[in-house]
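# Fold and geometry: a report
Spelled out, the chains give:
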Amino acid sequence: MKSLKKVSIFGVTGSIGQSTADLILSDFERFDVCVVSAARSVDKLAEMAISLKAEIAVIADHSLLPRLEELLVNHDIKAMGGEQGLLDAASVPVDITVAAIVGMAGLKPLMVSIENSKAVAIANKEPLVSAGALVLKAAKEAGCKILPVDSEHNAIFQVFDPENMQHIKQIVLTASGGPFREWSREKMSVATVEQAMAHPNWSMGAKISVDSASMMNKALEIIEAYYLFEIEADKINVIIHPQSVAHSMVEYADGSYLAQMGASDMRTPIAYALAWPDRMQTCGERLDITALSKLEFHAPDCERFPALSRAYEVLEKGSWACIALNAANEVAVEAFLKKKIGFLDIMKVIDFVLESCDAKEIDSLEAVILYDEACRDIASNYIQAGLKSKVG
Ligand code: NAD
Ligand code: MG
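Keep in mind that this is a model prediction, so the values were computed, not measured. (Residues numbered from 1 in each chain as written. Chains lettered and ligands numbered in written order. Predicted model: local features only at pLDDT ≥ 70, side-chain atom pairs only at ≥ 80, totals over all residues. Heavy atoms only, no water.)

## Some words on the overall build of the protein chain
Of regular secondary structure, the protein chain possesses 16 helices and 11 strands. For the C-alpha atoms alone, the extent of the protein chain along its principal axes is close to 60 × 55 × 40 Å. Burial analysis of the protein chain (392 residues in total) assigns 55% to the buried set. Sequence-distant contacts, at least 24 apart, represent 68% of the contacts inside the protein chain between residues at least 6 apart. As displayed, the protein chain has an accessible area near 17300 Å², and 51% of this comes from carbon and sulfur atoms. With 37 positive and 53 negative side-chain charges, the protein chain shows a spacing of 3 Å between the two charge centroids. (Helix = DSSP H or I, 4+ residues; strand = E, 2+ residues; numbered from the N terminus. Buried < 20%, exposed > 50% of the residue type's maximum accessible area, 1.4 Å probe, protein only. Contact = heavy atoms within 4.5 Å. Areas by Shrake-Rupley, 256 points an atom, 1.4 Å probe, with all protein chains shown as cover. Lys, Arg positive; Asp, Glu negative; His and termini not counted. Charge placed at Lys NZ, Arg CZ, Asp CG, Glu CD.)

Dropping the structure here:
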């Protein structure tokens, strides 16, 4: 009999978290769930903790801890709360942690998980964008294997040979183009939250859905690939592939392209990471290869989607600019979701923050956190001022 894999899931109530839970429940003899966490959806967290037979449930909003305790009163599940609760839970040793919190809120738990998990399956891309070098360095030092869950990076991970980097000509990240793939800038200027959230191929959380509409998601993924695969930025390219069947590819020196294909279902890359280095059956959708009549690939339009160019620009500038881009985007997307700003204003906020913040060397976790907070303040004040700069 195989030994059980002990797994913690941070952000279990989200889109990635629930897909992870589906997979674990579909092959329950294989896993032993340790920690599950959520920000505020306490009822859902308790329900999932019970069905997954978790040891610990953590609610990040500390004021909801009494409610969590009440919901778990007849169960042998420890309830914890607040940021410290998240960090304490992340310090419990496990075989694999699924990092599925959204945004920079996941950074601190991620760093603690790296110290205490044999592997981290990382969906939470924002900490990689803002602190990729520090995250990868910490993982190397701790002997923790980083397993990419983001479908593009998971695809590359499956067809990539890090021992033979000299043979790699380029990494090609595929992008569906999102709901506004064929929209003019004029039409995008009046796009509603509902339209931005209506992704044609993937069902995802609110923030990443908006990021996909602006193509900021692909920009974040360029930076994510830069750190995860330790490859030069000019070897990372993006191609529009509306069918979302080929999840990304690597071109080798001899002209071979290796791509990974599958249904547009995150359960496939999550299953790959959960079972790695083995494979597991999944309860996810399967690709019907006979139903594919055509696969299209074409160059992206950086004029309509300036986020793509910004990714290369911030990588050129340095890690401070990557932090600024990510922080400004998080604040702007939240404001867009709350209908405080328009869709194209997201990029306006990002560009304002990039112009306003100071170029600075950032070489510690504390420095990343401070710089991220400063950029968030600039973005929030700019939004508060009706997108008018005090200076100009
Ligand atoms: P989501 O919004 O559906 O879920 C986010 C989870 O994080 C929830 O459980 C929520 O309770 C928790 N959370 C939110 N804020 C928190 C905070 N401040 N402290 C602690 N926990 C908090 O998001 P998602 O779509 O599942 O995405 C999660 C991450 O995975 C993101 O970084 C996203 O970019 C990445 N990702 C998602 C997909 C996808 O298909 N959804 C694909 C690739 C990558
Ligand atoms: Mg992706």
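## A few points about the nonpolar core
Note that soluble globular proteins tend to have their nonpolar side chains buried in a common cluster. With 129 residues, the main nonpolar core has Val 36, Leu 68, Ile 114 and Phe 343 as its most contacted residues. Counting residues per element, this core draws most heavily on helix α14 (residues 319-337), which supplies 13 residues. Of all hydrophobic cores here, the second largest spans 11 residues; its members include Cys 34, Val 58, Ala 89 and Ala 90. (Core = buried A, V, L, I, M, F, W, Y, C linked by side-chain atoms within 4.5 Å.)

## Some remarks on the packing of aromatic side chains
Summed over all chains, the structure comprises 7 aromatic pairs. Judged by centre distance (5.0 Å) and plane angle (90°), the rings of Phe 180 and Phe 343 are edge-to-face. Taken together, the residues span a long stretch of sequence, with Phe 180 in the loop between β8 (168-175) and α8 (185-188) and Phe 343 in the loop between α14 and α15 (345-356) at a distance of 163 residues. The pair Phe 180 / Phe 343 is uniform in exposure class, with both members buried. (Phe/Tyr/Trp six-rings, centres within 6.5 Å; stacked < 30°, edge-to-face > 60°.)

## Quick word on the layout of surface pockets
In this structure, the second largest pocket encloses a volume near 400 Å³. In this structure, the second largest pocket is lined by 16 residues; those nearest its centre are Leu 136, Lys 145, Ile 146, Leu 228 and Glu 230. Secondary structure elements with two or more residues in the lining of the second largest pocket: α6 (125-142) and β7 (145-148). Residue composition of the lining of the second largest pocket, by class: 11 nonpolar, 1 polar and 4 charged. (1 Å grid on protein atoms, 1.4 Å probe; cavity = no way out; pocket = protein on both sides within 12 Å on 5 of 7 lines; lining within 4 Å. Points joined across faces, edges and corners; volume = space filled by probe spheres on them. Nonpolar A, V, L, I, M, F, W, Y, C, P; charged D, E, K, R; others polar.)

## Regarding the coordination of the magnesium ion (ligand 2)
On the protein side, the magnesium ion (ligand 2) has Asp 150 (OD), Glu 152 (OE) and Glu 221 (OE) as donor atoms, found 2.0 to 2.2 Å from it. As a motif over one chain, the donors of the magnesium ion (ligand 2) read D-x1-E-x68-E. Separated by 71 residues along the polypeptide, Asp 150 in the loop between β7 and α7 (151-159) and Glu 221 in helix α11 (residues 216-228) bring together distant segments of the chain. Of the residues examined, Asp 150 reaches a relative accessible area of 7% and is grouped as buried. (Donors = N, O, S within 2.8 Å, 3.2 Å for Na, K, Ca; no water.)

## Digging into the site of ligand 1
Near ligand 1 lie 23 residues; those nearest to it are Thr 13, Ser 15, Ala 39, Glu 126 and Gly 205. Backbone polar atom of Ser 15 to an oxygen atom of ligand 1: 2.9 Å apart, as the coordinates give it. Contact distances for ligand 1 include 2.7 Å between an oxygen atom and a side-chain N or O atom of Glu 126. Here ligand 1 loses 86% of its free accessible area of 820 Å² to cover by the protein chains. Sorting the residues of the shell around ligand 1 by element identifies α1 (15-26) and α6 as the ones contributing at least two each. Looking at the shell around ligand 1 residue by residue, the class counts come to 14 nonpolar, 6 polar and 3 charged. (Near = heavy atom within 4 Å. Polar contact = N/O pair within 3.5 Å; in protein donor to acceptor, adjacent residues only side chain to side chain.)

## Overview of the pairing of strand β10 (residues 246-252)
Counted residue by residue, β10 has 7 buried out of 7 residues, so it is predominantly covered. Alignment of β8 against β10, held across 4 bridges, turns out to be antiparallel. Counterpart to Gln 170 in the pairing with β10 is Glu 251. Note: β10 against strand β11 (residues 257-261), 5 bridges, orientation antiparallel. Looking at the pairing, Glu 251 lines up with Tyr 257 of β11. The loop that links β10 with its antiparallel partner β11 comprises 4 residues; one of these, Gly 255, has a positive phi angle of about 95°. (Pairing = 2+ DSSP bridges.)

## Observations concerning the packing of α14 against α15
Describing two packed helices takes the angle between their axes plus the distance from one axis to the other. Running from amino to carboxyl end, α14 crosses α15 at an angle of 145°, the nearest separation of the two axes being 8 Å. Where α14 crosses over α15, the handedness of that crossing is right-handed. When α14 is examined against α15, the residues Trp 320, Ala 321, Ala 324, Leu 325, Ala 328, Asn 329, Ala 332, Val 333 and Phe 336 are found in contact with a partner set consisting of Ile 346, Val 349, Ile 350, Val 353 and Leu 354. Grouping the amino acids of the contact of α14 with α15 by side-chain chemistry returns 13 nonpolar, 1 polar and no charged. (Axes fitted to C-alpha atoms, helices over the stretch in contact; angles between N-to-C directions. Left-handed = near helix turned anticlockwise from the far one by under 90°.)

Just geometry here; none of it tells us what the structure is for.
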